[in-house]
Amino acid sequence: MKRTLHKLWRWFDDRLGISDLVGPSMYHLVPRDAAWWYVFGSATTVAFIVQIVTGVALTFSFVSSSSQAYDTLVFISDKAPFGHFLRGLHYYGASAMILMIGAHMAQTFLFGAYKYPREMNWTTGVFLLLFTLMMGFTGQLLRWDQTAAWSVVIAAEQAGRVPLIGDWLARLILGGNTIGGATLSRFFAVHVFIVPAVMFVFIGLHVWLVLRHGITAAPRAGQPVNPETYRKEYHELLEKDGIPFWPDGAWRDFVFGTLLILVIAALALWAGPPPIETPPDPSIIQAYPKPDWYLLWYFALLALIPSRLEGYVMVLGPVLVGIILLVVPLLSNKGERAPSRRPWSIAVVLLSVIMIGSLWIEGLRAPWTPDFEAKPLPVEVVGTGSGIVFEGSRVFAAKACINCHQIDGHGGQRGPELTYVGDKLSRSDLITRIVNGGVNMPAYAGTLKPEEMDAVVAFLQSRIRVPNDAKKADVSAKR
Amino acid sequence: MNNIADSPLPVRSPHVDDPKAISRRGFLEKLCLSLAGVCTAILAVPVVGFVIAPLFRKSPRKWVTMGKISDFAVGQTVNVTITDPSSLPWAGITARSGVWLRRETETEFIAFSVNCTHLGCPVRWMKDAELFMCPCHGGVFYKDGKVAAGPPQRPLPRYNVQVVNGEVQIEAAPIPIQTALS
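Residues numbered from 1 in each chain as written. Chains lettered and ligands numbered in written order. Predicted model: local features only at pLDDT ≥ 70, side-chain atom pairs only at ≥ 80, totals over all residues. Heavy atoms only, no water.

Colleague: Any chance you could break down the overall build of chain B for me, citing the residues and the numbers?
Modeller: The helix and strand inventory of chain B stands at one helix and eleven strands. Seen in sequence order, chain B has helices and strands lined up from the N terminus as α-β-β-β-β-β-β-β-β-β-β-β. For 182 residues, the compact-globule formula gives about 16 Å, and the C-alpha radius of gyration of chain B, at 30 Å, lies well above that figure. Principal-axis analysis of the C-alpha atoms gives chain B an extent of 90 × 40 × 30 Å. Taken over 182 residues, chain B has a buried fraction of 38%. Accessible area of chain B: about 10,300 Å², with a carbon and sulfur share of 59%. Seen as two clouds, the 19 positive and the 14 negative side-chain charges of chain B have centres 4 Å apart. (Helix = DSSP H or I, 4+ residues; strand = E, 2+ residues; numbered from the N terminus. Rg over C-alpha atoms; globule rule 2.2 N^0.38 Å. Buried < 20%, exposed > 50% of the residue type's maximum accessible area, 1.4 Å probe, protein only. Areas by Shrake-Rupley, 256 points an atom, 1.4 Å probe, with all protein chains shown as cover. Lys, Arg positive; Asp, Glu negative; His and termini not counted. Charge placed at Lys NZ, Arg CZ, Asp CG, Glu CD.)

Colleague: Describe the overall build of chain A, and please don't skip the residues or the numbers.
Modeller: If you tally the helices and strands in chain A, you get 20 helices and two strands. What you see for chain A is a C-alpha radius of gyration of 30 Å, clearly larger than the 23 Å of a compact globule of 479 residues, by over 25%. Once the C-alpha set of chain A is aligned to its principal axes, its extents read approximately 100 × 60 × 50 Å. The buried share of chain A, reckoned over its 479 residues, is 47%. Summing over all exposed atoms, chain A offers an accessible surface of approximately 24,800 Å²; the carbon and sulfur share of this is 68%. Charge-centre separation for chain A: the mean point of 41 positive side chains lies 5 Å from the mean point of 36 negative side chains.

Colleague: Describe the sheet that holds strand S7 (residues 140–142) of chain B, and please don't skip the residues or the numbers.
Modeller: Residue and element names in this part refer to chain B. Taken in spatial order, the four strands make up an open sheet running S5-S6-S7-S8, and their pairing is antiparallel. Looking at which strands have only one partner, the edges of the open sheet turn out to be strand S5 (124–126) and strand S8 (147–149). For this sheet, the mean inter-axis angle between neighbouring strands, taken without regard to orientation, is 35 degrees. Direction of pairing for S5 relative to strand S6 (residues 131–133): antiparallel, over a ladder of three bridges. Residue pairing for S6: Met 126 is matched across the bridge by Leu 131. (Pairing = 2+ DSSP bridges. Axes fitted to C-alpha atoms, helices over the stretch in contact; angles between N-to-C directions.)

Colleague: Residue-level account of the state of the cysteines, with values.
Modeller: According to the stated counting rule, one finds one disulfide over all chains in the structure shown. Disulfide partner of B:Cys121: B:Cys136, at an S-S distance of 2.0 Å. On the sign convention where negative means left-handed, the S-S torsion of about -85 degrees between B:Cys121 and B:Cys136 marks this disulfide as left-handed. Of this pair, B:Cys121 sits in the loop between strand S4 (109–113) and S5 while B:Cys136 sits in the loop between S6 and S7, placing them 15 residues apart in sequence. Judged by its relative accessible area of 1%, B:Cys121 is buried. Sulfur of A:Cys401: no disulfide; nearest cysteine sulfur belongs to A:Cys404 and is 8.9 Å away. (Disulfide = S-S within 2.5 Å.)

Colleague: Could you give an account of the interface of chain A and chain B, naming the residues involved and the relevant values?
Modeller: Residue-level contacts link 68 residues of chain A with 58 residues of chain B. Between chain A and chain B lies a buried interface of about 5,300 Å² when both sides are counted; carbon and sulfur atoms form 63% of it. When the buried surface of chain A facing chain B is broken down by residue, A:Glu157, A:Ile285 and A:Phe372 rank first, second and third, together holding 13% of it. Where chain A meets chain B, there are one salt bridge. The closest approach of N and O atoms between A:Asp281 and B:Arg96, which form a salt bridge, is 3.1 Å. (Contact = heavy atoms within 4.5 Å. Buried area = accessible area lost by both parts, 1.4 Å probe. Salt bridge = Lys/Arg side-chain N within 4 Å of Asp/Glu carboxyl O.)

Colleague: Run through unusual backbone geometry, naming residues and quoting values.
Modeller: Residues and elements named next belong to chain A. With an omega of 0 degrees, the peptide bond between Tyr 116 and Pro 117 qualifies as cis. Relative to the elements of secondary structure, Pro 117 occurs in the loop between helix H5 (83–110) and helix H6 (119–142). At Phe 82, a position not held by glycine, the phi torsion is positive, near 70 degrees. When you line up the elements, Phe 82 lands in the loop between helix H4 (69–78) and H5. Accessibility expressed as a relative area gives 64% for Phe 82, which makes it exposed.

Colleague: Could you give an account of the packing of H4(A) against H5(A), with specific residues and numbers?
Modeller: Residue and element names in this part refer to chain A. Contact geometry for H4 and H5: axes closest at 5 Å, N-to-C directions at 105 degrees. Between H4 and H5, the angle falls in the class roughly perpendicular. For the pair H4 and H5, contact is made by Leu 73, Ile 76 and Ser 77 and by Gly 83, His 84 and Arg 87, respectively. Residue composition of the contact of H4 with H5, by class: two nonpolar, three polar and one charged. (Parallel < 35°, antiparallel > 145°, perpendicular 65-115°, else oblique. Nonpolar A, V, L, I, M, F, W, Y, C, P; charged D, E, K, R; others polar.)

Colleague: Before we move on, can you summarise the nonpolar core with the specific residues and values?
Modeller: Grouped together as the largest cluster of nonpolar side chains are 45 residues, with contacts concentrated most on A:Phe62, A:Trp144, A:Ile179, B:Trp100, B:Val123 and B:Phe132. Within the residue set of this core, elements represented by two or more residues are H4, H6, helix H7 (146–160), helix H8 (166–174), helix H9 (181–213) and helix H12 (293–304) of chain A together with S4 of chain B. The residues contacting A:Ile179, other than those within four sequence positions of it, are A:Trp144, A:Ala149, A:Val152, A:Val153, A:Leu174, B:Thr94 and B:Ile175. If you look at the next biggest cluster of nonpolar residues, it comprises 33 residues, including A:Val395, A:Cys404, A:Leu460 and B:Val140. (Core = buried A, V, L, I, M, F, W, Y, C linked by side-chain atoms within 4.5 Å.)

Colleague: An account of the side chain of A:Arg186 is needed here, citing residue identities and associated values.
Modeller: Along the polypeptide, A:Arg186 turns up in helix H9. An unpaired buried charge is present at A:Arg186: no salt bridge exists, and A:Asp167, the closest side chain of opposite charge, is 14 Å distant. A polar contact of 3.5 Å, which involves the side chain of A:Arg186, links it to the backbone oxygen of A:Leu172. Excluding anything up to four places from it in sequence, A:Arg186 contacts A:Leu172, A:Gly175, B:Val51 and B:Pro54. (Polar contact = N/O pair within 3.5 Å; in protein donor to acceptor, adjacent residues only side chain to side chain.)

Colleague: Can you break down the sheet that holds strand S10 (residues 161–164) of chain B residue by residue, with the values?
Modeller: All names here are of chain B. Reading across the sheet, the three strands line up as S1-S11-S10 and stay open at both edges, with antiparallel pairing between neighbours. The sheet is open, and its two edges are formed by strand S1 (63–68) and S10, each paired on a single side. Within the sheet, the average angular offset between the axes of one strand and its neighbour, ignoring direction, is 30 degrees. Of the pairings in the sheet, the one linking S10 to strand S11 (residues 167–171) comprises four bridges and is antiparallel in character. Counted as the bridge partner of Val 163 is Val 168 from S11.

Colleague: How would you summarise H6(A) if you had to cite specific residues and measurements?
Modeller: Between the first and last C-alpha of H6(A) there are 35 Å, a value that for 24 residues agrees with the 34 Å anticipated at 1.5 Å per step. Of all 24 residues that make up H6(A), 17 are buried, and the element is covered over most of its length. (Expected span 1.5 Å × (residues − 1).)

Colleague: So what's going on with the side chain of A:Ser393? Residues and values would help.
Modeller: Residues and elements named next belong to chain A. As for its position among the elements, Ser 393 is in helix H16 (residues 387–398). Judged by its relative accessible area of 0%, Ser 393 falls in the buried class. Beyond its immediate chain neighbours, meaning those up to four positions away, Ser 393 contacts Val 382 and Phe 459.

Colleague: How would you summarise the packing of aromatic side chains if you had to cite specific residues and measurements?
Modeller: As enumerated under the stated definition, the model contains 28 aromatic pairs over all chains in all. With a centroid separation of 5.4 Å and an interplanar angle of 70 degrees, the aromatic rings of B:Phe112 and B:Phe132 are classed as edge-to-face. Residue B:Phe112 is located in strand S4, and its partner B:Phe132 is located in strand S6; the two are separated by 20 residues in the primary sequence. Look at B:Phe112 and you get buried, because its relative accessible area is 0%. The exposure class of B:Phe132 is buried, given its relative accessible area of 0%. Lying over the aromatic face of A:Phe109, A:Arg342 brings its terminal NZ or CZ to 5.8 Å of the ring centre. The ring of A:Tyr288 has B:Arg124 lying over it, and the distance from NZ or CZ to the ring centre is 5.0 Å. (Phe/Tyr/Trp six-rings, centres within 6.5 Å; stacked < 30°, edge-to-face > 60°. Lys NZ or Arg CZ within 6 Å of the ring centre and 35° of its normal.)

So this is what it looks like as structure tokens:
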């Protein structure tokens, strides 16, 4: 039986040439010290495969029509067997892919693996990062709810800032002059056909380059890359001490890939996919459009940069980052690879992580967003249930001051906290600011009646750390 | 791996030292590449044309009725939902949009787009404060649409408004896109 099977395999292998096709890729020698650091590239591929498989499954029920997609998503999430799980897998698969591509890039950069002769490995990888982010953004839009619809508008507005062709680009994104019938199906085509097709080509190229140039040996200080001799040295190293990729090198990729899929599946089961909330009806004004976590840091950046620079950051920022990433291997394709000899490479990675991380945390907090749910201050906070101070606290809520200013933990964080404003600003200071407004505060000259102004100023003056009497006693004691 | 010498069948490079052969093969190479170009063009023209067609779709300027004059009180700003008159039949709820309509005087109306001039998020009207506020990055506008605070640089865009036979109408318009860098 075994012999017959073996004969059969030999026949097919001769006619199909399978061993000749994949043999060299499977058994090529890799450096022995290629250990756990090297699993992130294959993990990115594993996540991509999860995306392809679950994505194809989702298209069995998803209808890419602006008016019906929402209903099909609700059906997939709530009714279809495994639908909720599949959406979860697709969402956490996307998250995993972005995290893994980030880890892969950081590792490649730190190990100087982009240096000669692997410059184009890095370049094709940078393009794959771009395509992955495009998939993330367009994928969020296919979750065709209110946030998705407004995200299209936000994307169009950003594209609009591009000189000369901005308006044209914006209309291309919207699929016309407004959100409507043409919008979603276009994003569907981009997300499901165009970008994945390009990604297949680039992943093929990327893997081909990995096979062509081999994976790097772990970097060692004092062993710089010299383009004249590198290839010879690398071949000698492999012949002397290399191990076949299959299975001696590949087992770690399989173990890590499996762990990754287990984590994705666990999150999909227990945390579940992002909920499908309000329908994509642009006439519903109560909206808080926010991107998914992987673009939240950029959303925060747009809120924090000075308005005058904003257009330049929106248009030039991504272009500049792209150019910097692309020229990395051209600027330094030889020399030391060890991070210990390239301390700036550690600094660049750390700074990027800290920058994106802190912007991300700010994006989660979104202190620039007025608190639309803020209620008038409770009596305990105001300190009295009647009189001019209490009336002032009601004006403070009615005139939307509380939406941006926090007092004792109540209200928004857009403007300065006013819990102790009475200690800092005098009556005339307060009136000046309220009447004239400021950079981030509206002027209330036209909307506050004199008695309302008196009340709100009295209320604000009562916001002090210590009662007035104690304060006076304190001052006289100092004298 | 894919070395020519390793191929299972004998091969011959087209670039052999025969001037006649080179010219003939040169011609055939050019022929093939030109034909590929022609094929690409045959497919590319309709595909590209189809994909960018929405850019050239003219939406006829249509007036949309918001309600009777008597529905709106002087000095009040209210949210009115309109349906894009030139929407595609399968647009469904996505053809709807909100408009902030303000009745300034007995005869004068202002209709604001709900799109913040920063990044297009929908602004909300805070009735007592008489301010429009944006949830995305905290842009604020006065009741007349002028910028009050936050990142926006331009006032809220307005629709054309007319009153015909006691009905308030606005002229449906594209989503306002900011094209200035600063």
